[in-house]
Number of protein chains: 2
Amino acid sequence: MYSPELIKGTLQTIVLSLLSENERMYGYEITQHVKDRTQGEIQLTEGALYPTLHKLEADGLLTTEKVSIGKRVRKYYRLTENGNKQANDKVNEFRRFSETMNDLLNSFTPNPELSWLS
Amino acid sequence: MYSPELIKGTLQTIVLSLLSENERMYGYEITQHVKDRTQGEIQLTEGALYPTLHKLEADGLLTTEKVSIGKRVRKYYRLTENGNKQANDKVNEFRRFSETMNDLLNSFTPNPELSWLS
DNA sequence: AAATATGCATAATATTCTTAAGTATAAGAT
DNA sequence: ATCTTATACTTAAGAATATTATGCATATTT
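Calculation criteria
- Residues numbered from 1 in each chain as written.
- Chains lettered and ligands numbered in written order.
- Predicted model: local features only at pLDDT ≥ 70, side-chain atom pairs only at ≥ 80, totals over all residues.
- Heavy atoms only, no water.
- Near = heavy atom within 4 Å.
- Polar contact = N/O pair within 3.5 Å; in protein donor to acceptor, adjacent residues only side chain to side chain.
- Helix = DSSP H or I, 4+ residues; strand = E, 2+ residues; numbered from the N terminus.
- Nonpolar A, V, L, I, M, F, W, Y, C, P; charged D, E, K, R; others polar.
- Least-squares fit on C-alpha atoms with pLDDT ≥ 70 in both.
- Contact = heavy atoms within 4.5 Å.
- Buried < 20%, exposed > 50% of the residue type's maximum accessible area, 1.4 Å probe, protein only.
- Arc of directions from axis to C-beta.
- Pairing = 2+ DSSP bridges.

This part covers the protein's contact with DNA strand C. Every one of the 26 residues lining DNA strand C counts as a neighbour, but Y26(A), Y28(A), R72(A), R74(A) and R72(B) are closest to it. Among atoms of DNA strand C positioned within 4 Å of the protein, sugar and phosphate together represent 71%. Between DNA strand C and H54(A), the relevant distance is 2.9 Å, taken from a phosphate oxygen to a side-chain nitrogen or oxygen of the residue. Measuring from a phosphate oxygen of DNA strand C, one finds a side-chain N or O atom of R74(A) at 2.4 Å. Taken together, the elements giving at least two residues each to the surface near DNA strand C come down to α3 (27-37), α4 (46-58) and β3 (72-79) of chain A together with α4 (46-58) of chain B. Residues that form the surface near DNA strand C fall into these classes: nine nonpolar, seven polar and 10 charged.

The operation relating chain A to chain B is a screw motion whose rotation component is 180 degrees, with 0.0 Å of axial translation and a residual RMSD of 0.0 Å. Each copy turns onto its partner about a two-fold axis. Of the residues that chain A buries at the interface, 100% are likewise interface residues in chain B, meaning the two copies contact each other through the same surface.

A separate point is α3(A). Residue and element names in this part refer to chain A. If you check which residues of α3 are buried, you get G27, I30, T31 and V34. Each buried residue of α3 lies within a common arc of 100 degrees when the element is viewed along its axis, so the set occupies one face. Remark: Q39 follows α3 within two positions and exhibits a positive phi of approximately 50 degrees.

Taken in spatial order, the three strands make up an open sheet running β1-β3-β2 (chain A), and their pairing is antiparallel. What marks the edges here is a single partner per strand, and that holds for β1 (25-26) and β2 (62-69) of chain A.

Another point: the protein's contact with DNA strand D. With respect to spatial proximity, 25 residues lie near DNA strand D, and among them R72(A), Y28(B), Y50(B), R72(B) and R74(B) are the closest. The protein-proximal atoms of DNA strand D, defined as those within 4 Å of the protein, are 76% sugar or phosphate. At 2.8 Å, a side-chain N or O of Y26(B) approaches a phosphate oxygen of DNA strand D. At 2.5 Å, a side-chain N or O of R74(B) approaches a phosphate oxygen of DNA strand D. Elements represented by at least two residues in the surface near DNA strand D include exactly α4 of chain A together with α3 (27-37), α4 and β3 (72-79) of chain B. Broken down by element, the residue count for the surface near DNA strand D peaks at five residues, all from α4(B).

Here it is as structure tokens:
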């Protein structure tokens with residue numbers, strides 16, 4: 001697992017991009033999808049995911065539909081047009097950001113013994 | 001500029017990696033260095049940077065020395081041994097994370113018109 | 001029958017950042 | 001000379017976002 005600070009700020013990007021590939025998904029499905037696709041390296045917690053989904057819905061980027069599965073109710077999320085635009089923007093931004101960061105860290109070579117260490 | 005959430009959690013990584021390349025640096029120098037090297041795409045704010053430097057020092061990852069420049073006092077930061085280890089760890093972690101994320105977003109192709117949009 | 005998996009929600013807390021204000025010296029422009 | 005911008009550090013208030021924990025309930029596996 002990655003230290004949690006790193007994942008911060010990428011949750012919306014992850015959710016929107018997954019919903020761009022899949023017509024509709026529900027919360028639990030999203031957590032499993034991410035876990036599987038990252039070999040367990042990114043595990044979304046419910047306490048972070050659900051509030052985020054609610055916020056994206058409130059912002060008009062997602063719509064919901066409830067579907068009964070037996071006695072349980074599943075809540076599916078689907079992108080709006082605006083949500084799709086945001087998905088494009090967010091994913092592109094992350095890719096640019098990750099390049100910028102890697103450039104910035106590029107001159108860095110792990111060195112266990114720097115001469116000037118105190 | 002990137003949306004601030006994205007940069008969250010990378011500040012320590014940035015600071016530690018820069019101090020791994022440069023024997024010692026002071027706060028303002030770090031902000032300028034990052035700004036220059038990222039073409040202004042990442043601009044550290046003082047309100048974020050200085051508390052972080054103080055925390056890293058409190059955690060024993062950095063040491064400080066004050067140097068008088070005329071009437072002003074400049075505070076230089078330098079890695080400790082532990083700080084250097086953390087620098088290695090943090091940079092490696094970010095690189096892995098950025099790969100994981102890019103894999104996760106990989107199947108994503110920007111598409112302005114998904115058939116199922118609501 | 002018990003344990004695990006599925007499924008959603010929210011409150012309390014912690015972390016980390018933004019924004020803003022305060023303080024002060026140095027350098028460049030008008 | 002004076003004003004503006006750059007240099008340089010600090011801290012407080014507030015916002016945003018996540019962690020941790022709790023609660024509730026059904027379904028499946030052992």
